[in-house]
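Observations on chain architecture
These are the residues of each chain, in order.
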Amino acid sequence: MTSFSLRQVKLRPGEQYRDELEVELPAFEFGGQRYVPVPEQVPAAFEITRANTGTVFSLQFTARLHGPCYRCLDDAVLEVPISAREYQAEDPEDEQMQTQYVVGANLDVSQWARDAVALALPEQILCRPDCAGLCSVCGKNLNDEPHTHEEEHGDPRWAALEALREER
Ligand SMILES: [Zn+2]
Ligand SMILES: [Zn+2]
């Protein structure tokens, strides 16, 4: 778990602190499938900017997730660029403007990073944007074997013709 102690940084309004943090990412459950971050630890650019009435935290990193393609179940790799911001108002009465990731004197960077990735996931994780998926008739991967099926059990009038064809 990556947590950042805010005690170590004392900023005056207008001042900024920059650091590079190693952020640990969990595996994500998505659409009933499991997506694993590779690597689990990613370097993140972290900034704290002190404003007059509060503090702005920003975090930037790229997560790489490995898991099954939504359509064909083959391996898919997804790069998720993250650029997240949180604001913590100076005034503790201002509950709307308190980030949930500051707990005591610590910023819970892991939890923040994982929520940011979860929010940034696309609707479907695909092996490639034009993945053809699995055949609904035979279940084969249409990327490897593009094909269609003829209407084999369709119109009975064709049955005689089918029979002729099979004899050949
Ligand atoms: Zn696919
Ligand atoms: Zn098929």
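Below is a summary of the structure that appears in this document. (Residues numbered from 1 in each chain as written. Chains lettered and ligands numbered in written order. Predicted model: local features only at pLDDT ≥ 70, side-chain atom pairs only at ≥ 80, totals over all residues. Heavy atoms only, no water.)

Attention now goes to the side chain of Gln-88. Tracing the backbone shows Gln-88 in strand β7 (residues 75–89). Within the structure, Gln-88 has its side chain in polar contact with the backbone nitrogen of Thr-99 (distance 2.9 Å). (Helix = DSSP H or I, 4+ residues; strand = E, 2+ residues; numbered from the N terminus. Polar contact = N/O pair within 3.5 Å; in protein donor to acceptor, adjacent residues only side chain to side chain.)

It is worth spelling out the sheet that holds strand β8 (residues 102–103) at this point. Strand order across the open sheet formed by three strands is β1-β9-β8, with antiparallel pairing between neighbours. Edge strands, defined here as strands with exactly one partner in the open sheet, are β1 (3–5) and β8. Here β8 pairs with strand β9 (residues 106–108) via two bridges, running antiparallel. Bridge pairing in β9 places Val-102 opposite Leu-107. (Pairing = 2+ DSSP bridges.)

Turning our eyes to something else, we now look at the nonpolar core. Ranked by internal contacts, the top residues of the largest apolar core, which has 37 residues, are Phe-4, Phe-46, Phe-61, Leu-107 and Val-117. Within the residue set of this core, elements represented by two or more residues are β2 (16–24), β5 (41–50), β6 (54–68), β7 and α1 (109–120). (Core = buried A, V, L, I, M, F, W, Y, C linked by side-chain atoms within 4.5 Å. Buried < 20%, exposed > 50% of the residue type's maximum accessible area, 1.4 Å probe, protein only.)

The protein atoms that coordinate the zinc ion (ligand 1) are Cys-69 (SG), Cys-72 (SG), Cys-127 (SG) and Cys-131 (SG), at distances of 2.3 Å. Here the zinc ion (ligand 1) is ringed by four donor atoms whose angles at the metal span 107 to 113°, and the overall shape comes out tetrahedral. The sequence pattern formed by the donor residues of the zinc ion (ligand 1) is C-x2-C-x54-C-x3-C. Taken together, the residues span a long stretch of sequence, with Cys-72 in the loop between β6 and β7 and Cys-131 in the loop between α1 and α2 (159–167) at a distance of 59 residues. (Donors = N, O, S within 2.8 Å, 3.2 Å for Na, K, Ca; no water. Tetrahedral: all angles 85-135°; square planar, octahedral: opposite > 155°, others 65-115°.)

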